[in-house]
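# Per-entry structural report
Each chain, written out:
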Amino acid sequence: MSGDGRPAPAPGAWRALGRAAVPRATRGQLLAGLLCAVLGFGVVAQVRQTQVAGLEDLREADLVRILDDTTGRADRLAEEVRALEQTRRELTEGGDSARAAERAAQERATAYGLLAGTLPASGPGIVATVTDPAGAVTGTTLLSAVQELRDAGAEAVQVGSTRVVASTAFADAPGGAGAGVLVGGALEQPPYVVRAVGAPDTLATALDIPGGVRETLRQLGAELDVSTGDEVVISALHAVSEPQYARPAR
Amino acid sequence: MIAAVGLLVGVVAGVLLQPEVPLWLQPYLPIAVVAALDAVFGGLRAVLDGIFDDRVFVVSFVANTVVAALIVYLGDQLGVGSQLSTGVVVVLGVRIFSNAAAIRRHLLKA
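Since the structure is predicted, the reported quantities are computational estimates derived from the model, not experimental observations. (Residues numbered from 1 in each chain as written. Chains lettered and ligands numbered in written order. Predicted model: local features only at pLDDT ≥ 70, side-chain atom pairs only at ≥ 80, totals over all residues.)

## With respect to the overall build of chain B
Applicable threshold: Here a strand is any run of E in DSSP of at least two residues, a helix any run of H or I of at least four, and the numbering for each starts at the N terminus. Three exposure classes are used, based on other C-beta atoms lying within 10 Å of a residue's own C-beta, which is placed from the backbone: buried for 20 or more, exposed for 12 or fewer, and partly exposed in between. Contacts are defined on C-beta atoms placed from the backbone: any two residues whose C-beta positions lie within 7 Å are in contact.
Along chain B, the regular secondary structure elements total four helices and zero strands. If you list the helices and strands of chain B from N to C, you get α-α-α-α. A burial count over chain B gives 36% of its 110 residues as buried. Put simply, of all contacts in chain B between residues at least 6 apart along the chain, 68% involve residues at least 24 apart.

Shown next as structure tokens:
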């Protein structure tokens, strides 16, 4: 290198370079080579680092812009999440309300079935047995007994083997006294067994009121025997015919 | 020659090893590299001027990198790290350019 002290004139610059390029294993040369190796290593490492660099090397303005972008995107996504959750809620509640409506419809159908006499009913109630040795009990008497039970809150009533509904008619059977009673067109003969589902005590009391069913029957020479029960089964069904004229009004 | 070989070896080693720059070194390595480049160009110029000295080169190389890193560190501590880094890079860049110009005049006579 320049250690030889010879001046290196300008035209000999290339020669100086060539001389410098001659490898000499001096300690300084080796050290310089080592440092240059470190430099090359550092350059490569830094270049690689820069290529994989994340946000920490960015300028403040870039960071602000990126932050704005990210915030905006987060807002949009949050809005989307809200909308989707709203939709999901609506769908879920829609399913719930549909199920609830179905359940309510089912319950209504059951209640109507019980009222219309198309479903068998059971529950606490009374069984009233009318013995009529004199054959003096008429359809009117039975009807008043049924009406009394209805007034007392009977929810399902059966006379003999006939379900009593709103349209059930009571009539005296042709053939005079003692021939029986036509209940909804079916002939019932004494003893008449009247089953009613409702509050048992209320129903029993309703038949016992002064001037009521029991007294009337006694005057006719008939006997009324009432037993209350926790499980009175009303198994007779009323056949509902399709209405011929009536249609649901809108 | 050894220096050029060393540079090549270093580059190849860096490419092959794929080093991960440790976190504590990340702010200082770029400045240190620029400072080292400045030292190398200064050394090259000294070769062409005929005044190259191994010891001077080694000392200037190490001192340059250490001082550059120190300045950046100081700037970081003072809260002006990025500005000071820019200043150091500008100064070193100017030096590199002047050295490169001298080298160019030596080699190309222009």
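## A look at the nonpolar core
The test is simple: Any nonpolar core is a set of buried residues, restricted to Ala, Val, Leu, Ile, Met, Phe, Trp, Tyr and Cys, that join up through C-beta atoms within 7 Å.
Of all hydrophobic cores here, the largest spans 37 residues; its most connected members are Cys36(A), Leu39(A), Ile31(B), Ala32(B), Val33(B), Ala35(B) and Ala36(B). The dominant element in this core, judged by the number of residues it contributes, is helix α2 (residues 29–49) of chain B, at 14 residues. In contact with Ile31(B), other than residues within four places in its own chain, are Ala68(B), Ala69(B), Val72(B), Ser85(B), Val88(B) and Val89(B). Ranked by size, the runner-up nonpolar core spans 32 residues in total, among them Val137(A), Ala196(A), Leu224(A) and Val232(A).

## Thoughts on the sheet that holds strand β2 (residues 156–159) of chain A
All names here are of chain A. The line we're drawing: Note: two strands are recorded as paired if DSSP finds a minimum of 2 bridges between them. Under this scheme, a helix contributes an axis fitted over its contacting stretch, all axes are lines through C-alpha atoms, and angles between N-to-C directions fall in the 0 to 180 degree range.
Strands sit in the order β3-β2-β7-β1-β8 across an open sheet of five strands; the sheet is antiparallel. Two strands lie at the open edges of the sheet, namely β3 (162–164) and β8 (223–234), each paired on one side alone. The mean inter-strand angle of the sheet, taken between neighbouring strand axes irrespective of direction, is 25°. Pairing analysis gives ten bridges linking strand β1 (residues 121–131) to β8, with the strands arranged antiparallel. Its bridge partner being in β8, Ser-122 is matched across the sheet by Val-233. Sheet strands touched by helix α4 (residues 139–151): β2, β3 and β7 (192–197). Its angle to β2, the strand with the most contacts, is close to 160°.

## Topic: helix α3 (residues 54–78) of chain B
The condition that has to hold: Multiplying one less than the number of residues by 1.5 Å gives the expected span of a helix.
With 25 residues, α3(B) extends 36 Å between its outermost C-alpha atoms, agreeing within 8% with the 36 Å of an ideal straight helix rising 1.5 Å per residue. Among the residues of α3(B), Phe57(B), Phe61(B), Asn64(B), Thr65(B), Ala68(B), Val72(B) and Gly75(B) are the ones counted as buried. Tucked into the core, α3(B) has its buried residues touching α2 (27–52) of chain A together with α2 and α4 (81–108) of chain B. Of the residues trailing α3(B), Gly79(B) is marked for its positive phi of about 90°.

## Structural notes on the packing of α3(B) against α4(B)
Helix packing for two helices is described by the angle between their axes and how far apart those axes are. All names here are of chain B. Cut-off, in case you're wondering: Geometric relationships in this document are graded by angle, where less than 35 degrees denotes roughly parallel, more than 145 denotes roughly antiparallel, 65 to 115 denotes roughly perpendicular, and other angles denote oblique. Note on convention: the crossing is left-handed when the near helix lies turned anticlockwise from the far helix by less than a right angle, right-handed when the turn is clockwise. Charged residues are taken to be Asp, Glu, Lys and Arg, nonpolar residues to be Ala, Val, Leu, Ile, Met, Phe, Trp, Tyr, Cys and Pro, and polar residues to be all remaining types, Gly included.
Viewed as axis vectors pointing N to C, α3 and α4 meet at an angle of 155°, and their least axial separation amounts to 7 Å. Put simply, α3 runs roughly antiparallel to α4. As for how α3 packs across α4, the hand of that crossing is right-handed. Across the interface between the two elements, Ala-68, Ile-71, Val-72, Gly-75 and Asp-76 of α3 pack against Gly-81, Gln-83, Leu-84, Ser-85 and Val-88 of α4. In the contact of α3 with α4, the residues fall into five nonpolar, four polar and one charged.

## Describing α2(B)
Residues and elements named next belong to chain B. If you check α2, its first and last C-alpha atoms are 30 Å apart, about what 21 residues at 1.5 Å a residue would give, namely 30 Å. Of all 21 residues making up α2, 19 are buried, and the element is well covered by its neighbours. In the stretch just after α2, Gly-50 is the one whose phi turns positive, near 80°.

## Comments concerning the interface of chain B and chain A
Facing the 36 residues of chain B at the interface are 35 residues of chain A. Mapped by element, the contributors of at least two residues to the side of chain B that touches chain A are α1 (2–17), α2, α3 and α4 of chain B. Counting residues per element, the side of chain B that touches chain A draws most heavily on α1(B), at twelve residues. Taken together, the residues of the side of chain B that touches chain A sort by class into 26 nonpolar, seven polar and three charged.

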